[in-house]
Amino acid sequence: METHKQLTIGLFGFGVVGEGLYKVLQQTPSLKATIKKVCIKHAGKKREAPAELFTTDRDVILNDPDINVVVEVINESGPAFEIVSRALRSGKSVVSASKKMIAEHLPELLQLQKETNASLLYEAAACASIPVIRNLEEYYDNDLLHSIRAIVNGSTNFILTKMFEEKLGFQEALLLAQQLGFAESDPSLDVKGYDAANKWAFLLTHAYGIVVKIDDLVFSGIDHIQAGDAEVAREKHFDIKLVAQAKKLANGKVAAFVLPQFIRQDDHLVFVKNEFNGVVIESGFADKQFFYGKGAGSFPTASAVLSDLSALRYEYKYEYKKLYHHTPHELTDDFYIRVYLSFDDLKYIPTERFQAIEEWHADSDRKYLIGVIHFQDIKGQGWWRENGTSLVLTPDPIIEDMDVRKLKKKSLELAGLI
Ligand SMILES: NC(=O)c1ccc[n+]([C@@H]2O[C@H](COP(=O)([O-])OP(=O)(O)OC[C@H]3O[C@@H](n4cnc5c(N)ncnc54)[C@H](OP(=O)(O)O)[C@@H]3O)[C@@H](O)[C@H]2O)c1
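The rules behind each value
Residues numbered from 1 in each chain as written. Predicted model: local features only at pLDDT ≥ 70, side-chain atom pairs only at ≥ 80, totals over all residues. Heavy atoms only, no water. Helix = DSSP H or I, 4+ residues; strand = E, 2+ residues; numbered from the N terminus. Rg over C-alpha atoms; globule rule 2.2 N^0.38 Å. Buried < 20%, exposed > 50% of the residue type's maximum accessible area, 1.4 Å probe, protein only. Contact = heavy atoms within 4.5 Å. Areas by Shrake-Rupley, 256 points an atom, 1.4 Å probe, with all protein chains shown as cover. Lys, Arg positive; Asp, Glu negative; His and termini not counted. Charge placed at Lys NZ, Arg CZ, Asp CG, Glu CD. Pairing = 2+ DSSP bridges. Axes fitted to C-alpha atoms, helices over the stretch in contact; angles between N-to-C directions. Parallel < 35°, antiparallel > 145°, perpendicular 65-115°, else oblique. Left-handed = near helix turned anticlockwise from the far one by under 90°. Nonpolar A, V, L, I, M, F, W, Y, C, P; charged D, E, K, R; others polar. Near = heavy atom within 4 Å. Polar contact = N/O pair within 3.5 Å; in protein donor to acceptor, adjacent residues only side chain to side chain. Phe/Tyr/Trp six-rings, centres within 6.5 Å; stacked < 30°, edge-to-face > 60°. Lys NZ or Arg CZ within 6 Å of the ring centre and 35° of its normal. Core = buried A, V, L, I, M, F, W, Y, C linked by side-chain atoms within 4.5 Å. Arc of directions from axis to C-beta. Expected span 1.5 Å × (residues − 1).

Visitor: Would you mind going over the overall build of the protein with me for this structure?
Guide: In terms of regular secondary structure, the protein is built from 13 helices and 16 strands. For the protein, the C-alpha radius of gyration of 23 Å lies close to 22 Å, the compact-globule estimate for 418 residues. Its C-alpha atoms give the protein principal-axis dimensions of roughly 75 × 45 × 35 Å. For the protein, the residues scored as buried account for 57% of the 418 residues in total. The contacts of the protein with a sequence gap of at least 6 include a subset with a gap of at least 24, amounting to 73%. About 18000 Å² of surface is accessible on the protein, with carbon and sulfur atoms providing 50% of the total. The average position of the 49 basic charges and that of the 58 acidic charges among the side chains of the protein differ by 2 Å.

Following this line, the structure appears as structure tokens:
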């Protein structure tokens, strides 16, 4: 077997990640990887690399038999999928960082990898510098993964950190994130939770063998979180983080969602501040492990691409072990969650659907409650993100069926609600 394959790279994209990779490769000659051509969109832009390296014609790379690896780091999901599909079909290995494209096209990409037997690696697409995908594939290659909880979006984590530490309002914190380059000029993909949900969709495949579109996942961002919610969290000695999580329930099915959550001071995720990412994995016997690092940026992201390139020299492929070698897990909606809800007017809150209301505050113009509700009363429903309502999960939010029966059913009268 060829173990030290020479890599001749065709690079798509020379932006934050592409240029970062170009520089990183110049400093790692031992990898035996050379960039033969770079395809970009706008021919006229000034670049910090020789002009003859660049083309705007994707065929120059895709039809070149000497190029055995395509690195796709462009910022347009449709063209990215076309490039990756054609590269795989022509027998080239592919490294990609395009999380949106991967989440949108995972079933087709799985099929293409089967048909072509070509390797598609995308460690950079989730948590950039934190090696989470290969760990889920190789290290947690068994049925003992109890849960995975992660901060996968650096922009929203930066904004929440500033809301907490400097008591900024959401808009002020967002502006600061944009000024410092941690948030896009159109921040909606980040602050509305799409970016985190995209990453979570394919991490669920590597963690539990679940293939899911983000439309089938419950997720939200942080744009509804108000300064008052941060105040309540502070009083209770919690932080608020946007947490992507998945947990295997007693019945073997998996509960998964991406929602803001109150975080205790002894939770590993509380250490994840500003633009950093963090992942806490809980597995049988090993207990908890915590991964921490930069989830975006030129060199951190390029480092993950570099690691994938290095793996290609040894013909590495994702085997999707949880999907193909184990019985894949099933996603379930049949569990309860404990939530904090703040709102302007009680008439927008379906209080009758709560199993228990454990706290209730109505003393200021903004009211809140903490209670337990079935997940199906959240999934596919709009009430918890409309009319100024804000939903934040409490710590340890998942309650299984057998436990909910133990909850004391507090009547709404007792809670002071009606
Ligand atoms: N930035 C990060 O920290 C980070 C982290 C993890 C993952 N990612 C992902 O990595 C990818 C690249 O991100 P980025 O931040 O490097 O983007 P970026 O700075 O906006 O650069 C995008 C590059 O793609 C090129 N491009 C766009 N459409 C193209 C097309 N149809 N054909 C050829 N080239 C095209 C652009 O060409 P021109 O230069 O000619 O405009 C540009 O060089 C995205 O999918 C992103 O989600 C980024």
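Visitor: Help me out: how do you make sense of the sheet that holds strand S3 (residues 54-55) in this one?
Guide: The pairing of strands in a sheet comes from backbone hydrogen bonds and takes either a parallel or an antiparallel form. Strand order in this open sheet of six strands is S3-S2-S1-S4-S5-S6, and the pairing throughout is parallel. A strand with exactly one partner marks an edge of an open sheet, and here the two such strands are S3 and strand S6 (120-121). Bridge count between strand S2 (residues 33-39) and S3: two bridges; the pairing is parallel. For Cys-39, the partnering residue across the bridge sits in S3 and is Thr-55. Where helix H3 (residues 77-89) meets the sheet, its contacts fall on strand S1 (7-12), strand S4 (69-72), strand S5 (93-96) and S6, and the angle it forms with S4 comes to roughly 170 degrees. Strands S1, S4, S5 and S6 of the sheet are contacted by helix H11 (residues 298-312), whose axis makes an angle of about 165 degrees with S5.

Visitor: Even after reading the chapter, I still don't get the packing of helix H4 (residues 99-116) against helix H9 (residues 194-208), so can you show me in this structure?
Guide: Two numbers describe a pair of packed helices, the interaxial angle and the distance between the axes. Relative orientation of the contacting elements H4 and H9 amounts to 55 degrees, with a least axis distance of 9 Å. By the angle between their axes, H4 is oblique relative to H9. Judged by the twist between their axes, the crossing of H4 over H9 is left-handed. Of the residues in H9, those in contact with Lys-99, Lys-100, Ile-102, Ala-103 and Leu-106 of H4 are Asp-195, Asn-198, Lys-199, Ala-201, Phe-202 and Thr-205. Residues belonging to the contact of H4 with H9 are distributed by class as follows: five nonpolar, two polar and four charged.

Visitor: Would you mind showing me how to read the site of the ligand here?
Guide: Neighbouring the ligand are 23 residues; Val-17, His-42, Lys-45, Arg-47 and Gly-297 lie closest to it. Lys-45 places a polar side-chain atom, nitrogen or oxygen, 2.7 Å from an oxygen atom of the ligand. In this structure, an oxygen atom belonging to the ligand sits 3.0 Å away from a main-chain N or O atom of Ile-74. Considered on its own, the ligand offers 910 Å² of accessible surface; in the complex 83% of this is hidden by protein.

Visitor: In this structure, what is going on with the side chain of His-374? I would like to understand it.
Guide: On the secondary structure map, His-374 appears in strand S15 (residues 367-374). Polar contacts involving the side chain of His-374 include one to the main-chain amide nitrogen of Gln-376, which spans 3.1 Å. Among residues more than four places away in sequence, those in contact with His-374 are Asp-333, Asp-334, Phe-335 and Tyr-336.

Visitor: Looking at this structure, I do not really get the packing of aromatic side chains. What am I missing?
Guide: For any pair of aromatic rings, the description rests on two quantities: the centre-to-centre distance and the angle between the ring planes. Tallying each qualifying case throughout the model produces 19 aromatic pairs. Relative to Tyr-368, the ring of Tyr-340 has its centre 5.1 Å away and its plane inclined at 40 degrees; by these criteria the two rings are tilted. Of this pair, Tyr-340 sits in strand S13 (residues 336-343) while Tyr-368 sits in strand S15, placing them 28 residues apart in sequence. We classify Tyr-368 as buried; its relative accessible area is 9%. Directly above the ring of Phe-54 sits Arg-47, whose terminal nitrogen or CZ lies 5.5 Å from the centroid. In this structure, Arg-234 packs its charged tip against the face of Phe-164, placed 5.4 Å from the ring centre.

Visitor: Mind showing me how you'd approach the environment of Ala-49 here?
Guide: One can find Ala-49 in the loop between S2 and S3. When its relative accessible area of 17% is taken as the criterion, Ala-49 is described as buried. Apart from the residues within four sequence positions on either side, Ala-49 is in contact with Phe-14, Tyr-22 and Phe-54.

Visitor: Hey, could you run me through the nonpolar core in this one?
Guide: Most often, soluble globular proteins have nonpolar side chains that are buried together. Among the nonpolar cores identified, the biggest contains 117 residues, and Val-71, Tyr-122, Trp-200 and Leu-309 are the most heavily contacted of them. In terms of residue count, the dominant contributor to this core is H9 (nine residues). Aside from chain neighbours lying at most four places away, what touches Trp-200 is Ile-148, Ala-150, Val-152, Ala-244, Gln-245, Ala-246, Ala-256, Phe-257 and Val-258. Counting 22 residues, the second largest nonpolar core, distinct from the first, contains Leu-341, Ile-349, Phe-354 and Trp-384.

Visitor: I keep staring at the packing of H3 against H4 and nothing clicks. Help me out?
Guide: H4 packs onto H3 with a crossing angle of 10 degrees between their chain directions and a minimal axis gap of 10 Å. The angle between H3 and H4 places the two elements in the roughly parallel class. Taken together, the residues of H4 that come into contact with H3 (itself represented by Ser-77, Ala-80, Phe-81, Val-84, Ser-85, Leu-88 and Arg-89) are Lys-100, Met-101, Glu-104, His-105, Glu-108, Leu-109, Leu-112, Glu-115 and Thr-116. In terms of residue class, the contact of H3 with H4 is built from seven nonpolar, four polar and five charged.

Visitor: It is not clear to me how helix H10 (residues 227-235) should be interpreted in this structure. Could you clarify?
Guide: When we look at burial in H10, the residues that qualify are Asp-229, Ala-230, Val-232 and Ala-233. Looking straight down H10, one finds that the buried residues subtend no more than 160 degrees of arc, so they occupy a single side. If you follow the buried residues of H10, they end up packed against helix H6 (154-165), strand S9 (239-248), strand S10 (254-263), S13, S15 and strand S16 (390-399). Where H10 ends, the next residue or the one after it, His-237, has phi of about 60 degrees, a positive value.

Visitor: What exactly am I supposed to notice about H11 here?
Guide: Think of an α-helix as turning once every 3.6 residues; residues three or four places apart then point the same way. Here H11 spans 21 Å end to end across 15 residues, near enough to the 21 Å set by a 1.5 Å rise per residue. All of the buried residues in H11 are Pro-300, Thr-301, Ala-302, Ala-304, Val-305, Leu-306, Asp-308, Leu-309, Ala-311 and Leu-312.

By themselves, these observations are geometric and do not establish any function.
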